Amino acid sequence: MLLREDPDGSPPSFGALFHERSLGDYAPYVGRSRLEELLALAEPLAGCRWTHLNSTYVGGGVAEILRSLVPLARALGIDCRWAVIEGHNGFFAVTKKFHNMLQGIEQPLSLDEIFDCYLGTIEENARRLELDADLVVVHDPQPAAIVAQGILPPRALWRCHIDTSAPNPILWRFLLPYINQFAGAIFTMPEFVAPGLRVPVYELSPCIDPLAEKNRPYLRSEALDVLAPLFHAHNVDPERPLVVAISRYDVHKNQSRILQAFLRLRAEGRLSPPPYLIFVGNSATDDPEGMQVYASLVDQVGDDPDVRLWLNVPDNDRVVGALMRLASVFVHVSTREGFGLVVSEALWQGTPVVGSRVGGIVKQVRDGETGFLVDPKNVDEIARRIGDLLADPDRARAMGERGREHVRTHFLLPELLRRYLLLLRHLLGIDPEPPPFRIAPA
Ligand code: UDP
């Protein structure tokens, strides 16, 4: 069960999926004493079975985290596993509607979609999956209803990665009876805890892995080498400033307003040399809408000489890291955002971020310190803040350096593991007191 075929049928190999991890490799980033603390926390958990269940091995922040978290937990002697629910396109079309509706977008949803597509697929998965473990963490709404199938152990938590600060009330009412069957729920921010939850709630921020290929430190010359084939193929002059936006192509990621802001800034004509705007995006196997968003952006961009729109870039991780390193400004102005790992990834590369004052982005972008916060619907403001950073490279660099430090302190993988270890210890009765990040009941 450690690995299953992904829904597209291509079985990911262990090496392709997981990063090899050993705890000591993190010492340069978080210090020896933090690692010793982790070892001590993990000691009584040796052999403990901890399983994650989500909906894709590929694409999106959850897969990105599990690729590193699972092997790091295993390196500490915990029997950590990762299982994925399987479904046909119809199932993922429905769960994408769930995702959108939980993030406030109105969409029609039929009884057939709920009972046939969604619950039917959950039942099929329940017949197939073996989820007996000391703790199962079920990520996001796609697999949530599995809790009613009687195959989860008593210690199972629902981990919500999305921005549920204003969920569609009907869908929330549908999901709530499922969520309330878990032993607890985990949210990224207290603001995301929607009404009606009757289970303990914990606050946990996602984190990035400093050892991942995309997060390793790139010298400018290395980054240029990595990007040389792509820049050559797409005629990008590396001496011009880069405004970079990387994320799934998704309506909440607000890519079309980034484009409008860039065009407005360019129309002012005050930036010399003129910057490029580079979008990079990939598709996730559980997100059937991405291609529509991408196609619409392709139409909007046309043959603009200063804008590049890349999809599923080869050598993804190195290209992402190198672009974040070379960017003068990283832009992430989602209209709703659970966390936005890309923000921490860009800050970690020392690049300041223009981010929206939305969801988990505000944990990462300190306004005026590590970048600027903007209203995601205000194209003028987005343009102005991108322009401010391009016009003052010294200030931008100082912000990027503060951003890297902010990420180092709060959003590196060992911190996520530490919190999960504390949770495991509490749930297994090793620590009677709840961890300090239990936010409800207080
Ligand atoms: N990502 C990537 N290539 C792409 C687009 C995104 O590797 O073309 C990665 C990105 O670096 C990040 C993850 O996908 O690690 C996206 O996570 P995030 O939390 O930003 O957004 P989500 O997709 O989960 O909403």
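Just so it is clear, the structure is predicted and the values come from calculations on it, not from any experiment. (Residues numbered from 1 in each chain as written. Predicted model: local features only at pLDDT ≥ 70, side-chain atom pairs only at ≥ 80, totals over all residues. Heavy atoms only, no water.)

### Looking at helix H11 (residues 316-326)
For an α-helix, 3.6 residues make a turn, and residues three or four places apart therefore share a direction.
Reasoning step 1: Counting buried residues along H11, eight of its 11 residues qualify, which places the element largely inside the surrounding structure.
Reasoning step 2: Every buried residue of H11 is accounted for by Asp317, Val319, Val320, Gly321, Ala322, Leu323, Met324 and Leu326. (Buried < 20%, exposed > 50% of the residue type's maximum accessible area, 1.4 Å probe, protein only. Helix = DSSP H or I, 4+ residues; strand = E, 2+ residues; numbered from the N terminus.)

### As for the state of the cysteines
Reasoning step 1: Across all of its chains, the model carries zero disulfides by this definition.
Reasoning step 2: In this model Cys80 remains outside any disulfide bridge; the closest cysteine sulfur is found in Cys48, 8.8 Å from its own.
Reasoning step 3: Of all cysteine sulfurs in the structure, the one in Cys207 sits closest to Cys160, which takes part in no disulfide; the separation is 17 Å.
Reasoning step 4: When its relative accessible area of 0% is taken as the criterion, Cys160 is described as buried. (Disulfide = S-S within 2.5 Å.)

### Notes on the environment of Gly321
Reasoning step 1: Along the chain, Gly321 falls in helix H11.
Reasoning step 2: In sequence terms Gly321 and Asn254 are 67 residues apart; their C-alpha atoms lie 21 Å from each other.
Reasoning step 3: Residues within four places of Gly321 in sequence aside, it is in contact with Lys214, Tyr218 and Gln349. (Contact = heavy atoms within 4.5 Å.)

### Comments concerning the site of the ligand
Reasoning step 1: Taken together, 17 residues surround the ligand, and among them Gly61, Arg248, Lys253, Asn316 and Glu345 come closest.
Reasoning step 2: Here an oxygen atom of the ligand and a backbone polar atom of Gly61 are 2.7 Å apart.
Reasoning step 3: Contributing elements (two or more residues each) for the shell around the ligand: helix H4 (61-75), strand S8 (276-281), H11 and helix H12 (341-348).
Reasoning step 4: With three residues, the single largest contributor to the shell around the ligand is H12.
Reasoning step 5: Across the shell around the ligand, the residue classes break down as five nonpolar, seven polar and five charged. (Near = heavy atom within 4 Å. Polar contact = N/O pair within 3.5 Å; in protein donor to acceptor, adjacent residues only side chain to side chain. Nonpolar A, V, L, I, M, F, W, Y, C, P; charged D, E, K, R; others polar.)

### A short note on the side chain of Thr95
Reasoning step 1: Here Thr95 lies in helix H5 (residues 89-102).
Reasoning step 2: In this structure Thr95 comes out as buried when scored by relative accessible area, which is 1%.
Reasoning step 3: Within the structure, the side chain of Thr95 is placed 3.3 Å from the backbone oxygen of Phe92, a separation counted as a polar contact.
Reasoning step 4: Apart from residues no more than four positions distant in its own chain, Thr95 is found in contact with Tyr118 and Gln142.

### Examining the sheet that holds strand S3 (residues 135-139)
Reasoning step 1: Here seven strands make up an open sheet; going across it, the order is S2-S1-S3-S4-S5-S6-S13 and the pairing mixed. At either end of the open sheet lies a strand with only one pairing partner, and these are strand S2 (79-84) and strand S13 (438-440). For this sheet, the mean angle separating the axes of adjacent strands, direction not counted, is 25°.
Reasoning step 2: Most of the contacts of H4 go to S2, to which it runs at about 155°, and overall it touches strand S1 (49-54), S2 and S3. (Pairing = 2+ DSSP bridges. Axes fitted to C-alpha atoms, helices over the stretch in contact; angles between N-to-C directions.)

### Re the packing of aromatic side chains
Reasoning step 1: Under the counting rule described, the total for this entry stands at 13 aromatic pairs.
Reasoning step 2: Ring geometry for Phe91 versus Phe92: centroids 5.1 Å apart, planes at 75°, classification edge-to-face. A single burial state applies to Phe91 and to Phe92, both of which are buried.
Reasoning step 3: Plain terms: the ring middles of Phe91 and Tyr118 are 5.8 Å apart, the flat faces sit at 5° to each other, and that makes the pair stacked. Of this pair, Phe91 sits in helix H5 while Tyr118 is found in helix H6 (residues 111-128), placing the two residues 27 residues apart along the sequence.
Reasoning step 4: Grouped by ring-pair contacts, the aromatic residues Phe91, Phe92, Phe98, Tyr118, Phe174 and Tyr178 constitute a single cluster. (Phe/Tyr/Trp six-rings, centres within 6.5 Å; stacked < 30°, edge-to-face > 60°.)

### A few points about helix H15 (residues 393-410)
Reasoning step 1: In this model, H15 (18 residues) spans 25 Å end to end at C-alpha, consistent with the 26 Å of a helix rising 1.5 Å per residue.
Reasoning step 2: Buried within H15 we find Ala396, Met399, Gly400, Gly403, His406 and Val407. The arc that holds every buried residue of H15, seen down its axis, measures 120°, which confines them to one face. Of the exposed residues in H15, the ones pointing more than 90 degrees away from its buried face are Asp394 and Glu401.
Reasoning step 3: Of the surrounding elements, those touching the buried residues of H15 are H12, helix H13 (361-364), strand S12 (371-374) and helix H14 (379-391). (Expected span 1.5 Å × (residues − 1). Arc of directions from axis to C-beta.)

### Looking at the pairing of strand S7 (residues 242-246)
Reasoning step 1: Of all five residues in S7, five are buried, a share of seventy percent or more.
Reasoning step 2: Along S7, one buried face is formed by Leu242, Val244 and Ile246 and the opposite face, lined by Val243 and Ala245, is buried too.
Reasoning step 3: Note that S7 and S8 share five bridges and pair parallel. Looking at the pairing, Val244 lines up with Ile278 of S8.
Reasoning step 4: One crossover worth recording links S7 to the parallel S8 by way of helix H9 (residues 255-268), and it is right-handed. (Right-handed = clockwise from strand over helix to strand, strands pointing away.)

### Some thoughts on the environment of Gly350
Reasoning step 1: Relative to the assigned elements, Gly350 resides in the loop between H12 and strand S11 (353-356).
Reasoning step 2: Accessibility expressed as a relative area gives 25% for Gly350, which makes it partly exposed.
Reasoning step 3: C-alpha separation for the pair Gly350 and Leu157, spaced 193 residues apart in sequence, amounts to 35 Å.
Reasoning step 4: Once you skip the residues sitting within four places of it in the chain, Gly350 turns out to touch Gly400 and Glu401.

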